[in-house]
Amino acid sequence: MRIVIAEDAVLLRAGLVRLLTDAGHEVVAETDTAEGLVKAVAEHCPDFALVDVRLPPTFSDEGIRAAVLIRSAHPEVAVLVLSQYVEERYASELIASRREGLGYLLKDRVADVDQFLESVQTVGSGGTVLDPEVLTQILVRSRRREDMELLTPREREVLGLMAQGLSNASIAANLYLTESAVEKHIGSIFAKLGVISETGNRRVLAVLKYLGYSDHSL
């Protein structure tokens, strides 16, 4: 296969080039930025792109955002993402777009060279290789969203104010409700989110669910 590699760690990138070349593939371009990756794919029309999630300048999600763009603009290019962690937002978008010719592997779970090369071959042949941890986190995120969508707009407002540390009285004042109405909303929130705690910390658990949803919302 003709392959483009996007990896900012120089030694790792050199190792990948050597490994793939020795396996009979042709590395037509290598880069350390997301911009360079997109340009290389457009210029060389490769069969396969090997992409690190974290690339300059912020080392956050540039790589996987570029992968999503490539999947949209160049659907014929197989993409294998390598990462130290699961970037839930764009991983979900990447997987939802199309499964064929797609891989997402966590670097520290690639056990050996043969396994890695097998994954490259599978993805390059139109197959799918997804680390189990990637699927687990995406499913958890999906469930978190579904739970939050059970709440009414008013219940979300109440929960948002709870997350700010406001008491029931303060929430009532902010929303022009009675404290009794706020208590009913909170009871409904606990029930819908399945918040159960023998220690009485249901309020804290509900807020944690809210914060988890807010941090990962699209």
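Our structure's up above, just so we're on the same page.
This write-up is about the structure you can find in this document. (Residues numbered from 1 in each chain as written. Predicted model: local features only at pLDDT ≥ 70, side-chain atom pairs only at ≥ 80, totals over all residues. Heavy atoms only, no water.)

Next up on the list: helix H3 (residues 62-73). A turn of α-helix holds 3.6 residues, and therefore any two residues three or four places apart point the same way. Here H3 contains twelve residues, and its C-alpha end-to-end distance of 16 Å stays within 8% of the 16 Å for a straight helix at 1.5 Å per residue. Taken as a whole, H3 has its buried residues at Glu62, Gly63, Ile64, Ala66, Ala67, Val68, Ile70 and Arg71. Its buried side turned inward, H3 meets helix H2 (34-44), strand E3 (48-52), strand E4 (78-83), helix H4 (88-97) and strand E5 (102-106). (Helix = DSSP H or I, 4+ residues; strand = E, 2+ residues; numbered from the N terminus. Expected span 1.5 Å × (residues − 1). Buried < 20%, exposed > 50% of the residue type's maximum accessible area, 1.4 Å probe, protein only. Contact = heavy atoms within 4.5 Å.)

Under the defined criterion, the tally for this structure stands at eight salt bridges. Two residues, arginine 13 and glutamate 30, come together in a salt bridge whose shortest N-O distance is 3.1 Å. One end of the pair, arginine 13, is in helix H1 (residues 10-22); the other, glutamate 30, is in strand E2 (residues 26-31), and 17 residues separate them in sequence. Salt-bridge contacts for glutamate 35 lead to lysine 39; the nearest nitrogen and oxygen are separated by 3.2 Å. Of this pair, glutamate 35 and lysine 39 both sit in helix H2, separated by four residues, roughly a single helical turn. No difference in accessibility class separates glutamate 35 from lysine 39, as the two residues are exposed. (Salt bridge = Lys/Arg side-chain N within 4 Å of Asp/Glu carboxyl O.)

Okay, the pairing of E5 next. Counted residue by residue, E5 has five buried out of five residues, so it is predominantly covered. The alternating pattern of E5 places Leu102, Tyr104 and Leu106 and Gly103 and Leu105 on opposite faces, both of which are buried. Examined bridge by bridge, E4 and E5 share five bridges and lie parallel to one another. Paired with valine 79 across the bridge in E5 is leucine 102. You can see the chain leave E4, run along H4 and come back into E5, and the turn it takes is right-handed. A crossover connection joins E5 to the parallel strand E6 (residues 128-130) through helix H5 (residues 113-124); in handedness this β-α-β unit is left-handed. (Pairing = 2+ DSSP bridges. Right-handed = clockwise from strand over helix to strand, strands pointing away.)

Now for the environment of threonine 21. Inspection of the secondary structure puts threonine 21 in helix H1. On the basis of relative accessibility, which here comes to 40%, the residue threonine 21 falls in the partly exposed class. Sequence separation between threonine 21 and arginine 2 is 19 residues; the distance between their C-alpha atoms is 10.0 Å. Within the structure, the side chain of threonine 21 is placed 2.7 Å from the backbone oxygen of valine 17, a separation counted as a polar contact. (Polar contact = N/O pair within 3.5 Å; in protein donor to acceptor, adjacent residues only side chain to side chain.)

This part takes up the nonpolar core. Counting residues in each nonpolar core, the largest one holds 30 residues, and the members touching the most others are Leu37, Ile64, Val79, Val81, Leu94 and Tyr104. Listed by contribution, the elements that provide at least two residues to this core are strand E1 (2-6), E2, H2, E3, H3, E4, H4 and E5. Non-local contacts of leucine 37, meaning those with residues more than four positions away in its chain, are made with Val4, Ala6, Thr31, Ala49, Val51, Ala66 and Ile70. In terms of nonpolar packing, the next biggest core, distinct from the first, is built from 18 residues, Ile171, Leu175, Ile189 and Ala206 among them. (Core = buried A, V, L, I, M, F, W, Y, C linked by side-chain atoms within 4.5 Å.)

Through backbone hydrogen bonds, the strands of a sheet pair up, either in parallel or in antiparallel fashion. Strand order across the open sheet formed by six strands is E2-E1-E3-E4-E5-E6, with parallel pairing between neighbours. This sheet does not close on itself; its edge strands, each paired only once, are E2 and E6. Between one strand axis and the next, the sheet turns by 15° as a mean value, whatever way the strands run. Summarising the sheet, E3 and E4 pair through five bridges and their orientation is parallel. Directly across from aspartate 52, in E4, lies its bridge partner leucine 82. Across the sheet, H1 touches E1, E2 and E3, and the angle it forms with E2 is around 170°. (Axes fitted to C-alpha atoms, helices over the stretch in contact; angles between N-to-C directions.)

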